[in-house]
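Breakdown of the fold
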Amino acid sequence: MLKLTPATKVLVLTGAGISAESGIRTFRDSGGLWENNRVEEVATPEAFSSNPIKVWEFYRQRYEDSISRKPNPAHFALVKLEHFLGDNFLLVTQNVDCLHLKAGSKRVLEMHGSLATCICTHCHSKLAIKDIDLTKYIPTCPFCNGVLRPDIVWFGEIPHYLSLIDDALRNCSIFLIVGTSGVVYPAAGFVLTAKLMGAKTIAINLEKPDNLSYIDEFYQGKSGEILPELVDKWING
Ligand code: NAD
């Protein structure tokens, strides 16, 4: 069994599955969020150009739904791991639901953006959604009246922090992947870099992920049940 010391460098990648037990629907599972919404119509820059009202309606609903959601034991287990490792811990999330931050994680990179903020397409100000008039079909910037867009990295756009993430992948000893199907790139390819650079790769997922062949240790099941137990064992032996 793996035993961590505070000097072990651990990089964690999370996906929609870690938030499933908080009641947030995942991406590709049946009954998932995208079953009733075509990606091309709500999550691409082209969709926003041609129908911003529809795109805002989708993200307004997701934002309003996210407000009442609470972190689950898997999110809290990562907070515990971060307390133990300090600066040797980094969490990269594909999720936009803010649940890691709500749980208390500090060293978090939200590579696909956040539901809690939006960006002005004209003056590029970043604004908290809670400060925006969301009753407008297309919310506008309080500073310049430009059109606001959700602060989400859509399909066809480049995720945030890729250079920082690449550095972390090359320098970690443990790469832990939680609740991601291994389908959406570039995140799905991170495991390959970490493994080639010598990290031990560990994954927890309800189903076998697509990139399973690069995983050294795979735990199949719910992250809210498996992760707290694993973190305890890794820290306390
Ligand atoms: P995904 O839906 O493709 O995969 C989720 C994976 O989680 C599945 O393989 C599923 O088997 C697994 N899973 C479901 N419940 C689980 C549980 N309780 N414990 C452990 N695993 C569980 O999601 P993805 O890989 O993150 O990629 C989808 C993209 O959509 C991401 O880029 C993400 O930004 C976005 N997304 C985000 C959210 C969110 O913010 N919560 C929700 C949906 C989609």
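Each remark here, short or long, concerns the structure printed above.
The rules we used
- Residues numbered from 1 in each chain as written.
- Predicted model: local features only at pLDDT ≥ 70, side-chain atom pairs only at ≥ 80, totals over all residues.
- Heavy atoms only, no water.
- Axes fitted to C-alpha atoms, helices over the stretch in contact; angles between N-to-C directions.
- Helix = DSSP H or I, 4+ residues; strand = E, 2+ residues; numbered from the N terminus.
- Parallel < 35°, antiparallel > 145°, perpendicular 65-115°, else oblique.
- Left-handed = near helix turned anticlockwise from the far one by under 90°.
- Contact = heavy atoms within 4.5 Å.
- Nonpolar A, V, L, I, M, F, W, Y, C, P; charged D, E, K, R; others polar.
- 1 Å grid on protein atoms, 1.4 Å probe; cavity = no way out; pocket = protein on both sides within 12 Å on 5 of 7 lines; lining within 4 Å.
- Points joined across faces, edges and corners; volume = space filled by probe spheres on them.
- Pairing = 2+ DSSP bridges.
- Phe/Tyr/Trp six-rings, centres within 6.5 Å; stacked < 30°, edge-to-face > 60°.
- Buried < 20%, exposed > 50% of the residue type's maximum accessible area, 1.4 Å probe, protein only.
- Lys NZ or Arg CZ within 6 Å of the ring centre and 35° of its normal.
- Near = heavy atom within 4 Å.
- Salt bridge = Lys/Arg side-chain N within 4 Å of Asp/Glu carboxyl O.

Looking now at the packing of helix α4 (residues 73-85) against helix α8 (residues 223-236). One can describe the packing of α4 onto α8 by two numbers: an axis separation of 7 Å at closest approach and a directional angle of 20 degrees. Classed by the angle they form, the pair α4 and α8 counts as roughly parallel. For the pair α4 and α8, the crossing hand works out as left-handed. Residues P73, A74, A77, L78, K80, L81 and F84 of α4 form the contact with α8, whose own contacting residues are S223, G224, L227, P228, V231, D232 and I235. By residue class, the composition of the contact of α4 with α8 is 10 nonpolar, two polar and two charged.

Next up on the list: empty space enclosed by the protein. Going through the model one piece at a time under the given rule, you end up with three cavities of 30 Å³ or more. Of the voids in this model, the largest cavity is the one considered here, and its volume is about 50 Å³. Lining the largest cavity are L13, Q94, I177, T180, G182, V184, A187, A188 and N211. Residue composition of the lining of the largest cavity, grouped by class: five nonpolar, four polar and no charged.

By secondary structure assignment, the location of N72 is in the loop between α3 (52-67) and α4. Sequence-distant contacts of N72, that is, excluding residues within four places in its chain, are made with I18, S19, E21, S22 and G224.

Another point: the sheet that holds strand β5 (residues 126-128). As summarised here, the arrangement of the three strands in space is β5-β4-β6, forming an open sheet in which the pairing is antiparallel. With partners counted over all chains shown, the strands left at the sheet margins are β5 and β6 (148-152), one partner each. Pairs of neighbouring strands in the sheet enclose a mean axial angle of 45 degrees, with direction left out of account. Examined bridge by bridge, strand β4 (residues 113-120) and β6 share four bridges and lie antiparallel to one another. Along β6, the bridge assignment pairs G113 with I152. Of the strands in this sheet, β4 and β6 are in contact with α3, which crosses β4 at around 135 degrees.

A few words on the packing of aromatic side chains. Scanning the entire structure with this criterion turns up three aromatic pairs. The interplanar angle of 40 degrees and the centroid separation of 5.3 Å between the aromatic rings of F48 and W154 together place this pair among those described as tilted. Here F48 is found in helix α2 (residues 45-50), whereas its partner W154 is found in the loop between β6 and α6 (162-171), with 106 residues between them in sequence. You'll find F48 and W154 in the same group, each marked buried. Here a set of aromatic residues connected by ring pairs shows up, and it is made of F48, F58, Y59 and W154. Across the ring face of W154, the terminal group of R149 is positioned such that the distance to the ring centre comes to 3.9 Å.

In the vicinity of the ligand, 29 residues are found, and the nearest of them are F27, Q94, D97, T180 and S181. Among the residues making up the shell around the ligand, the classes are represented as eight nonpolar, 13 polar and eight charged.

Attention shifts here to the pattern of salt bridges. Per the counting criterion, the structure on display carries 14 salt bridges. In this structure, E41 and K54 form a salt bridge, with 3.4 Å as the shortest nitrogen-oxygen distance. With E41 in helix α1 (residues 39-42) and K54 in helix α3, this residue pair connects regions lying 13 residues apart in the sequence. Among the salt bridges present, the one from R107 reaches E82, with a minimum N-O distance of 2.9 Å. With R107 in the loop between α5 (99-103) and β3 (108-110) and E82 in helix α4, this residue pair connects regions lying 25 residues apart in the sequence. We classify R107 as partly exposed; its relative accessible area is 29%. Judged by relative accessible area, which is 3%, E82 ranks as buried.

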